[in-house]
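Coordinate inspection notes
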Amino acid sequence: MVKDMNGEEKWDTKIDYADSNNWLAINYTGKAVDVVYFYPTTFIPSEEGVSIVADIDDAGMRSGAQEVYESQATLFEGDCNIYAPYYRQVDATYALTLSPEGEEDLLRRSAAHDPSDALDHYFEHYNDGRPFILAGHSQGSEVLTMILSDYMTKHPELLDRMVAAYVIGYSVTERYIAENPHLRFAECADDTGVIISYNTEGPGNDGFSNAVVKDGAISINPINWKRDGTYADRSEGLGSRIGVAITGLADAKVDLERGVVVCTTVDPSDYAIPAPADKIFGPESYHKCDYEFYYYDLRENVKNRIAAFMDQ
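Here's what I pulled together on the structure shown here. Residue numbers here run from 1 along each chain, matching the order of that chain's written sequence. Local features are withheld for residues below a pLDDT of 70 in this predicted model, meaning they are given only at 70 or higher, and side-chain atom pairs are given and counted only at 80 or more; totals for whole chains, interfaces and linings count all residues. In computing side-chain values, all of the structure's heavy atoms are included and hydrogens and water are not.

Where helix 3 (residues 100-112) meets helix 4 (residues 114-125), the axes come as close as 3 Å, and the angle between the chain directions of the two elements is 30°. Relative to helix 4, the element helix 3 lies roughly parallel. Only D114, P115 and S116 of helix 4 make contact with helix 3, whose side of the interface consists of S110, A111 and A112. Residues are grouped as follows: Ala, Val, Leu, Ile, Met, Phe, Trp, Tyr, Cys and Pro are nonpolar; Asp, Glu, Lys and Arg are charged; every other residue, Gly included, is polar. Counted by class, the contact of helix 3 with helix 4 contains 3 nonpolar, 2 polar and 1 charged residues. Here an axis means a line fitted to C-alpha atoms, over the contact stretch when the element is a helix, while the angle between two N-to-C directions is reported on a 0 to 180 degree scale. Strands here mean DSSP runs of E at least two residues long; helices mean DSSP runs of H or I at least four residues long; both are numbered from the N terminus. Oblique is the label for every angle not falling under 35 degrees (roughly parallel), over 145 degrees (roughly antiparallel), or within 65 to 115 degrees (roughly perpendicular). What makes two residues a contact is simply this: any of their non-hydrogen atoms within 4.5 Å.

To continue, consider the sheet that holds strand 1 (residues 23-27). Read across the open sheet, the 6 strands follow the order 1-3-2-4-5-7; overall the sheet is mixed. With partners counted over all chains shown, the strands left at the sheet margins are strand 1 and strand 7 (194-196), one partner each. Strand-to-strand twist of the sheet, defined as the mean angle between neighbouring strand axes without regard to direction, takes the value 20°. A pair of strands is treated as paired once DSSP finds two or more bridges between them. Sheet topology places strand 1 next to strand 3 (residues 81-85); 4 bridges connect them, and they run antiparallel. Residue pairing across strands places W23 opposite P85, the latter belonging to strand 3. Against the sheet, helix 4 touches strand 1, strand 2 (34-38), strand 3 and strand 4 (132-137), its axis set at about 165° to strand 2. In the packing of helix 5 (residues 139-154) onto the sheet, the strands contacted are strand 2, strand 4, strand 5 (162-168) and strand 7, and the crossing angle to strand 4 comes to about 140°.

Right, let's get into the environment of A65. When you line up the elements, A65 lands in helix 1 (residues 59-71). Between the C-alpha atoms of A65 and P40, which are 25 residues apart in sequence, the distance is 7.5 Å. Excluding its chain neighbours within four sequence positions, the residues that come into contact with A65 are L24, Y39, T42 and Y86.

Between 30 and 60 degrees the pair is tilted, below 30 it is stacked and above 60 it is edge-to-face, where a pair is any two Phe, Tyr or Trp rings, Trp via its six-membered ring, whose centres lie within 6.5 Å. Overall, the coordinates contain 16 aromatic pairs when judged by the stated rule. Measuring from ring centre to ring centre gives 5.3 Å for Y271 and F293, while their planes differ by 80°; the resulting arrangement is edge-to-face. Of the two residues, Y271 sits in helix 7 (residues 268-271) while F293 sits in the loop between helix 8 (278-281) and helix 9 (295-310), which places them 22 residues apart along the sequence. Look at Y271 and you get buried, because its relative accessible area is 15%. Relative accessibility under 20% of the residue-type maximum defines a buried residue, over 50% an exposed one, and the middle range a partly exposed one, all with a 1.4 Å probe and only protein chains included. A residue is classified by how much of its surface remains accessible, and F293, at 1% relative accessible area, is buried. One aromatic cluster is present, built from ring pairs that chain together Y17, W23, Y83, Y122, F123, Y126 and F132. Its guanidinium or amino end placed over the ring of Y86, R62 lies 4.0 Å from that ring's centre, counting from NZ or CZ. A positively charged side chain is recorded as over a ring if its NZ (Lys) or CZ (Arg) lies within 6 Å of the ring centre. The angle to the ring normal must also be within 35 degrees.

This brings us to the pairing of strand 3. Within strand 3, 5 of the 5 residues are buried, which leaves the element mostly enclosed by the surrounding structure. Of the two faces of strand 3, the one lined by N81, Y83 and P85 and the one lined by I82 and A84 are each fully buried. Note: strand 2 against strand 3, 3 bridges, orientation parallel. Bridge pairing links D34 to N81 in strand 3.

Its 12 residues place the ends of helix 4 16 Å apart at the C-alpha level, agreeing with the 16 Å of an ideal helix rising 1.5 Å per residue. Most of helix 4 sits out of view: 9 of its 12 residues are buried. Turning to helix 4, its buried residues are D114, P115, S116, D117, A118, L119, H121, Y122 and F123. Check the buried side of helix 4 and you find it contacts strand 1, strand 2, strand 3, helix 3, strand 4 and helix 5. Multiplying 1.5 Å by the residue count of a helix minus one yields the expected span of that helix.

To continue, consider the side chain of S138. Structurally, S138 is set in the loop between strand 4 and helix 5. The class of S138 is buried, set by a relative accessible area of 10%. Those residues within four positions of S138 in sequence are excluded, and the remaining contacts are P40, T41, I168, G169, Y170 and H287.

Structure below.
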């Protein structure tokens with residue numbers, strides 16, 4: 001059955017972001033810095049033939065977003081006010097059937113609607129001139145690449161207040177950085193105004209296609225915050241959070257050729273993407289654990305980058 005071609009007409013109707021029901025989180029706690037978080041793919045069409053674009057009140061998308069917020073966005077709670085809009089996601093399975101150019105074009109159109117409208121409302125009504133962080137995962141990070149390239153080009157003054165952008169679980173490529181000279185990729189643990197990005201895999205994923213790993217991908221090590229392939233033993237990490245805190249679980253090393261972070265110390269049967277999605281991500285993709293494996297390292301890194309920004 002052919003999907004309604006293709007549901008994009010939903011974007012003709014703007015979401016009212018003055019309505020708090022259209023936000024997953026509006027959590028101002030008096031912190032000096034905000035984070036705006038875009039959740040990963042949680043929209044799963046209930047049957048073939050439905051629209052490739054979610055409704056804003058899609059129950060499955062919203063409940064999934066709430067669940068993943070707990071495992072990812074909570075790491076920002078100690079240092080940031082958290083804002084997270086609901087946005088009408090695209091069907092990721094459909095998007096992956098497109099050519100790379102087609103997928104990019106679809107996600108660019110997506111980002112130009114709800115995410116951009118949510119940011120407009122956030123900057124006008126919630127931000128009050130504070131420094132901010134952008135964060136996402138998977139589809140949320142793909143949206144962020146479009147926000148950083150397109151939205152920030154239209155609003156260059158905002159970059160002066162951007163502490164960092166955590167674009168995790170989707171590739172930032174050498175070409176992307178070259179095409180966007182207003183953007184910089186992180187080089188260390190405390191540079192600011194930069195993009196932090198990586199995709200986590202096991203060594204068994206080498207040679208396999210991974211939908212979120214693009215040609216020319218670049219990554220930074222989320223334990224030692226180096227880009228040169230220096231190995232970080234799991235004893236060096238601050239710990240993982242997979243439901244509960246776990247110490248000594250995940251090591252990390254940047255594979256410079258593949259452009260990913262390789263983790264060798266976990267059992268793939270426990271953490272790899274399960275079938276049938278492994279056909280899309282590879283047999284040892286730890287995509288679902290990009291945040292969780294390095295949860296406390298990321299939390300400390302947020303604190304360090306904020307401190308560096310405030311000291312400028």
